[in-house]
Amino acid sequence: MYENYYGLTSKPFQLTPDPSFFFASKWHKRAMSYLQYGLSQAEGFIVITGDIGTGKTTIANSLLDNIEDDIVAAQIVTPKLSPDELVKMVASKFEVGTLNKTKADILKDLEKYLFDLHKSGKRALLIVDEAQNLPLETIEELRMLSNFQQQGKPLLQSFLLGQEELQPILRAPNMEQFRQRIVASCHLAPLNEPECREYIEYRLKHAGLENNELFADGAFDKIFKFTNGVPRRINTLMDRILLYGFLEELTLLDETAVDTVTAEVADEMFRPEEGTGATQPPLPAAGQPQPKVNVSEAQTDGGAEVMSELTPDGRVKDVQYYKTMLNELTDALDDAISHKIKLTRYIDNLLKKKYKTYVRLKSDD
Ligand SMILES: Nc1ncnc2c1ncn2[C@@H]1O[C@H](COP(=O)(O)OP(=O)(O)OP(=O)(O)O)[C@@H](O)[C@H]1O
Ligand SMILES: [Mg+2]
C-alpha cells in the first residue's frame, strides 16, 4: 500500500520469516555460529529457545538457506503430536510411505531410507519448530530416532526450536538421556537499542528505501521503548507507522508520528510494562547462546521455579499447560480481530477525509 509512496521495491516489515531479510545482530550472529558448529557435528540435537517473536524460525531458515548440498532437510511444525504421529510425520516428510503400515514397518523403512542416504554420501536433518508443544514422550521418541546408526555414525540429526516453555521440558529429571545428546544450544534475546535501529534501517534499505532521512532520530528511541526490541513487534509497529505516514502524506516520520501510532496500537499489540523498555528478559541465560543445557541448572532456584510446571514424577502438567495455551490463543485471535476492525475504521475515516478534500479542491477549480 505504502511501498510506491516511499519508493520501496518490496514490503520491508513482512511477518513471514524471510532469509533474504536476515539481520545479523550480535546474538543472532553468535547463535548462528553455535548452530553451524552443531551442524558440523552431524549428530545429536541442536536446540534454539527464545522469547516469542525473537527470530528462532528466521535463524533456522537462514541456516537452511546456506546449507550444504549433502544435507537433506525436512521441517515439521508441531501441534501436540503423539510419538506414533511423530514417527509417521517424520517418515512422510522424508517421503517414506506410511499408508497401512504398522509403526514397526514405518521405522524399518525410515531406517532404510536414512541408510541409503548415508550410502549416497548425504545426511538427514530434521527441524522441529514450535517444539515446546511436544509432549515428553514424543521428545523421547525423537531421541529414539536419533539412535539410528551406521558403523557408529548417526543417520539423523535434529534441530529443535521452541519458546521458553521448552526449557523446563528439557530440564525435566527424566530427560537426562536427551540432554546428553544436545550438541549445541542457544537462547535468543530481543535486540538492544542500537541494534533495533540498525535492524529497522537494514530492512528498509533491503526493501529499496533510498531516503536515509525518512525517520527522525527520536523516532527510533520511541520504537525501541514500545517494542522492547522484539523483532516481530518491531515489524508490526513499523508497518503501521509507514501506513500512517502514507495516509497522512508525511515525508518525515518523527516522535509525534510514532506517538500517534503507538497510542492507536497500544491496546492491540502486547505492550511491555512501563520502565522495562531497555532491559532484557529475566531468563538466567537471556541473550547468551549456551554451549549445553546444564543438568545441574534444574536444581537451582531458577530450576525450582520451572519445576512447578511438572508433576512430581517429572511429567508436564498437560491439562493446565494446554488450557493456558488455548486461552492465550483465544486472546490473540480476539486481539487480531479488533485490530483489523480498528484499522478498517481508520482507513475508512481517512478515505472520507481525502474525498472531502478532493471535492473541495474540485469546487475551487
Ligand atoms: N535476525 C532477524 N533478521 C531479520 N528479521 C528477523 C530477525 N529475527 C526476527 N525477524 C523477524 O521477526 C519476525 C518474527 O521472527 P520469527 O518468526 O523467526 O520468530 P520466532 O522466534 O520463531 O517466533 P515464535 O516464537 O512465534 O515462533 C519475522 O517477521 C522475522 O522476519
Ligand atoms: Mg517460530
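Along each chain, numbering runs from 1 in the same order as the chain's sequence is written. The naming scheme follows written order: chains are lettered A onward, ligands numbered 1 onward. With pLDDT at 70 or above as the cut-off, local features in this predicted model cover only qualifying residues; side-chain atom pairs require 80 or more to be listed or tallied, and sums for whole chains, interfaces and linings still use all residues.

A look at the nonpolar core
Part 1 of the reasoning: As used here, a nonpolar core is made of buried Ala, Val, Leu, Ile, Met, Phe, Trp, Tyr and Cys residues. They are joined through C-beta atoms within 7 Å. Buried residues are those with 20 or more other C-beta atoms within 10 Å of their own C-beta, exposed residues have 12 or fewer, and partly exposed residues lie in between; C-beta atoms are placed from the backbone. Ranked by size, the top nonpolar core spans 41 residues in total, and within it Ile48, Phe159 and Leu160 carry the most contacts.
Part 2 of the reasoning: Apart from the residues lying within four places of it in its own chain, the contact partners of Leu160 are Phe45, Val47, Val128, Ala131 and Leu166.
Part 3 of the reasoning: Tyr199, Val230, Ile234 and Ala257 belong to the second-largest nonpolar core, a separate cluster that totals 24 residues. Each residue gets a C-beta atom placed from its backbone, and two residues are in contact if those atoms lie within 7 Å.

Let's talk about the sheet that holds strand 7 (residues 182–188)
Part 1 of the reasoning: Pairing in this open sheet of 5 strands is parallel, and the strands run 2-3-6-1-7 from one edge to the other. Looking at which strands have only one partner, the edges of the open sheet turn out to be strand 2 (71–77) and strand 7. Shown here is a sheet whose adjacent strand axes are inclined to one another by a mean of 15 degrees, direction ignored.
Part 2 of the reasoning: As paired strands, strand 3 (residues 123–129) and strand 6 (residues 156–162) are joined by 5 bridges and run parallel to one another. Following the sheet pairing, Ile127 is matched in strand 6 by Phe159. Strands were regarded as paired on the criterion that DSSP finds at least two bridges between them. Helix numbering and strand numbering both begin at the N terminus, where a helix is a DSSP run of H or I of at least 4 residues and a strand a DSSP run of E of at least 2. Every axis in this analysis is a line fitted to C-alpha atoms, fitted for helices over the stretch in contact. Angles between the N-to-C directions lie between 0 and 180 degrees.

Digging into the site of ligand 1
Part 1 of the reasoning: Here, nearness means that the C-beta atom of a residue, built from backbone geometry, sits within 6 Å of the molecule or strand in question. By nearness alone, 20 residues border ligand 1, and Phe23, Gly55, Thr57, Thr58 and Pro231 come closest of all.
Part 2 of the reasoning: When residues of the shell around ligand 1 are traced back to their parent elements, those giving at least two are helix 2 (56–65) and helix 10 (231–247).
Part 3 of the reasoning: The residue makeup of the shell around ligand 1, split by class, is 7 nonpolar, 10 polar and 3 charged.
Part 4 of the reasoning: Note that the domain bounds reflect an automated or database-derived domain assignment. Each of domain 1 (1–16 + 191–279) and domain 2 (42–188) contributes no fewer than three residues to the shell around ligand 1. Each residue is assigned to one of three groups, with Ala, Val, Leu, Ile, Met, Phe, Trp, Tyr, Cys and Pro labelled nonpolar, Asp, Glu, Lys and Arg labelled charged, and all others, Gly among them, labelled polar.

Thoughts on the packing of helix 10 against helix 11 (residues 255–265)
Part 1 of the reasoning: Two elements in contact, helix 10 and helix 11, have axes whose closest approach is 10 Å; the angle formed by their N-to-C orientations is 120 degrees. Our classification of the angle between helix 10 and helix 11 gives oblique. By crossing handedness, the relation of helix 10 to helix 11 is classed as right-handed. Counted together, Leu237, Arg240, Ile241, Tyr244 and Gly245 of helix 10 and Ala257, Val258, Thr260, Val261 and Val265 of helix 11 form the full contact between these two elements. Comment on the angle field: the value is read as roughly parallel under 35 degrees, roughly antiparallel over 145, roughly perpendicular from 65 to 115, and oblique elsewhere. Put simply, a crossing is left-handed when the front helix is turned counterclockwise from the back one by less than a right angle, and right-handed when it is turned clockwise.

Details of the environment of Phe22
Part 1 of the reasoning: Residue position: Phe22 is located in the segment before helix 1 (26–41).
Part 2 of the reasoning: Of the residues examined, Phe22 has 20 C-beta atoms within 10 Å and is grouped as buried.
Part 3 of the reasoning: Along the primary structure Phe22 and Tyr202 are separated by 180 residues, whereas in three dimensions their C-alpha atoms are 9.2 Å apart.
Part 4 of the reasoning: For Phe22, the contacting residues outside a window of four places in its chain are Thr58 and Ser62.

Comments concerning helix 11
Part 1 of the reasoning: Buried residues of helix 11: Ala257, Val258, Val261 and Val265, and no others. Buried positions in helix 11, seen along its axis, are confined to an arc of 95 degrees and lie on one side of it. Starting at the helix axis, one direction is taken to each C-beta atom, and the arc is that of these directions.

Section: the pairing of strand 6
The two faces of a sheet get side chains in turn, since along a regular strand they alternate between them.
Part 1 of the reasoning: By the criterion of burial, strand 6 is predominantly enclosed, with 7 of the 7 residues buried.
Part 2 of the reasoning: Here strand 6 shows two buried faces, one formed by Leu156, Ser158, Leu160 and Gly162 and the other by Gln157, Phe159 and Leu161.
Part 3 of the reasoning: Where strand 1 (residues 45–50) and strand 6 come together, 5 bridges link them in parallel fashion. Of the residues in strand 6, the one forming a bridge with Thr49 is Gly162.

Topic: the packing of helix 8 (residues 193–206) against helix 10
Geometry of a packed helix pair, given as the angle between the helix axes and the separation of the axes.
Part 1 of the reasoning: Contact pair helix 8 / helix 10: the axes reach a minimum separation of 11 Å and the direction vectors enclose 55 degrees. The angle between helix 8 and helix 10 places the two elements in the oblique class. The element helix 8 and its partner helix 10 pack so that their crossing is right-handed. Residue-level contacts link Cys196, Tyr199 and Ile200 of helix 8 to Pro231, Ile234 and Met238 of helix 10.
Part 2 of the reasoning: Broken down by class, the residue content of the contact of helix 8 with helix 10 amounts to 6 nonpolar, no polar and no charged.

Thoughts on the confidence of the model for the protein
Reading fine detail from the predicted coordinates is not recommended where pLDDT is low.
Part 1 of the reasoning: One confidence number per residue, pLDDT, is output by the predictor and ranges from 0 to 100. Here the protein shows a mean pLDDT of 83. Residues at 70 or above account for 83%.
Part 2 of the reasoning: Mean pLDDT values over the elements of the protein span from 33, in helix 12 (residues 301–307), up to 97, in helix 8.
Part 3 of the reasoning: With pLDDT under 50 throughout, residues 272–309 is counted as low confidence; its partners more than four residues away or in other chains account for 59 contacts.

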